[in-house]
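# Commentary on secondary and tertiary structure
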Amino acid sequence: MNRNAIAALVVAIMLVASLTAQAYTVTPSHPRLYFTSSELPTLRSKCSGALSSDYQTMKSWCDSHLNDSLPLASPDFYETYLAAYSFTYLMSQDVKYAARAKAIASYVISSGQTNIEQFARGGAYFFDWCYAYLTPSERQTFGTAVVQCGQYHLNANNWDDMINYHSKPRLLRTLTAPGLAVYGEGINDAGARALADAAYEHTFGGEHTLCAIDELAADGSYFEGDYTNTVLATKYLEHCEMWASATDADPFAVSGNFQNMSTYYLYEVFAKNGPGAGASMSGSRQGDSHNHTMPAATIRVAMYAMAKRYRDGTAQWLAQQIETQGLGYILSYDLWK
């Protein structure tokens, strides 16, 4: 290859990288993950009105666990506790909940557990939702740790090889949450931008996007079976919701799976098993559904999200039936979702 051709190739690569980097804009204010500051009055009104029962249940859970000893019993709890306490602080504006979240995040850092993926997400929610509570110095400390955690998982996985199966939909949140939460804060801007750019590329970009979610699963199902489909309905949905709220990029426009998901789950929960018999989705026996079942309540949040985003009456009815008929457990600390 001659020198001119090499130079042209370098320019082309730089142009593609530049276009990817400039393809989205992140809102400068906090909160920005799942909702923005302009939505807080409405959210707070719902927490004292139409959704007060769910909110009070979660708030009571937070009160009853305020003095749980550290370390927490499971790495998963570092995400769920940080999310529940940070959200409750944002709704109630009671600093005791933010202080509890800060104590948990501080413990994760001091104990050297900042590589666990649950901290990349829970720590990002804490940074974003408790932003007004934190001092500039504390924002620097927690923001730095959260971005470093995201970078660990960016470098620990071969993202290009994770095409069209459940690991990528589950793990993309681990890049998205810290990347978008700390983006533009002057706290390891290059690291935060790298996380967001990688998540963007693997959602909206070229050959490494999740084509199975859009093309192969446009009927709402998933080729690995309904057990794995819950990863899309829960984990990948969270990734998409954060992008939709924090940026001007809309992942729902390129994820056709979601638009028909309620029809698929209507079959999985009720039509296949019979009314009232769907507490555990037995699965279409595809992929690893041969060996696993999943409580129907797992996709309740997804159905409410689909109802809101697509004005989908089937999704809303299904979510309500899952709750009314008691089809599986609903975790108190996840009620913010």
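Worth saying up front: this structure is predicted, and the values here are computed from it rather than measured.

### Focus: the overall build of the chain
- Secondary structure summary: the chain contains 14 helices and 2 strands in total.
- Counting across all 337 residues of the chain, residues that qualify as buried make up 50%.
- Sequence separation of at least 24 residues holds for 72% of the intrachain contacts in the chain that already meet a minimum separation of 6.
- Looking at the chain as shown, the accessible area adds up to about 14,500 Å², and 52% of this sits on carbon and sulfur atoms.

### Observations concerning the packing of helix α6 (residues 117-129) against helix α7 (residues 136-156)
- Closest axis-to-axis distance for the α6/α7 pair is 9 Å, and the angle between their directions is 145°. As for the relative orientation of α6 and α7, their crossing is left-handed in sense. Between α6, through E117, F119, A120, G123, A124, F126 and F127, and α7, the contact on the second element is made entirely by R139, F142, G143, A145, V146, C149, G150 and H153.
- Looking at the contact of α6 with α7, its residues break down into 9 nonpolar, 4 polar and 2 charged.

### Brief notes about the environment of A233
- Along the chain, the position of A233 falls in helix α11 (residues 226-246).
- Linking A233 and R300, residues 67 residues apart in sequence, is a C-alpha distance of 9.1 Å.
- Those residues within four positions of A233 in sequence are excluded, and the remaining contacts are M261, Y265, I299 and A302.

### Quick notes on the pattern of salt bridges
- On inspection of all chains with the given rule, the structure shows 14 salt bridges.
- A salt bridge links R193 to D197; its shortest N-O distance comes to 3.1 Å. Of this pair, R193 and D197 both sit in helix α9 (residues 189-204), 4 residues apart, roughly one helical turn.
- As a salt-bridge pair, R309 and E241 come within 3.2 Å of each other at their nearest N and O atoms. Of this pair, R309 sits in helix α13 (residues 300-310) while E241 sits in helix α11; the two residues are 68 residues apart in sequence, bridging distant segments of the chain.
- Exposure remark for R309: the relative accessible area of 32% places this residue in the partly exposed category.

### Here's the deal with the packing of α13 against helix α14 (residues 313-324)
- Packing of α13 against α14 brings their axes to within 7 Å, and their N-to-C directions diverge by 150°. Classified by the angle their axes make, α13 and α14 are roughly antiparallel. Two packed elements cross with a definite hand, and for α13 against α14 that hand is left-handed. Only A315, Q316, L318, A319, Q320, I322 and E323 of α14 make contact with α13, whose side of the interface consists of R300, M303, Y304, M306 and A307.
- Per-class residue counts for the contact of α13 with α14 are 8 nonpolar, 2 polar and 2 charged.

### A word on the confidence of the model for the chain
- Put simply, the chain has an average pLDDT of 84, and 80% of its residues get 70 or more.
- Per-residue pLDDT, averaged within each element of the chain, yields its smallest value for helix α1 (residues 3-21) (46) and its largest for helix α5 (residues 95-110) (98).
- Scored below 50 in pLDDT, residues 7-20 shows 3 contacts in the model against residues more than four places distant or in partner chains.

### Structural notes on the nonpolar core
- Membership of the largest hydrophobic core comes to 95 residues, with the highest contact counts inside it found for L33, F119, Y125, W129 and M303.
- Among the elements that take part in this core, helix α4 (residues 76-92) stands out by supplying 10 residues, more than any other.
- When residues no more than four places from it in sequence are discounted, the contact partners of L33 are A124, Y125, D128, W129, A177, L180, A181, M242 and S245.

Parameters at a glance
- Residues numbered from 1 in each chain as written.
- Predicted model: local features only at pLDDT ≥ 70, side-chain atom pairs only at ≥ 80, totals over all residues.
- Heavy atoms only, no water.
- Helix = DSSP H or I, 4+ residues; strand = E, 2+ residues; numbered from the N terminus.
- Buried < 20%, exposed > 50% of the residue type's maximum accessible area, 1.4 Å probe, protein only.
- Contact = heavy atoms within 4.5 Å.
- Areas by Shrake-Rupley, 256 points an atom, 1.4 Å probe, with all protein chains shown as cover.
- Axes fitted to C-alpha atoms, helices over the stretch in contact; angles between N-to-C directions.
- Left-handed = near helix turned anticlockwise from the far one by under 90°.
- Nonpolar A, V, L, I, M, F, W, Y, C, P; charged D, E, K, R; others polar.
- Salt bridge = Lys/Arg side-chain N within 4 Å of Asp/Glu carboxyl O.
- Parallel < 35°, antiparallel > 145°, perpendicular 65-115°, else oblique.
- pLDDT = per-residue confidence, 0-100.
- Core = buried A, V, L, I, M, F, W, Y, C linked by side-chain atoms within 4.5 Å.

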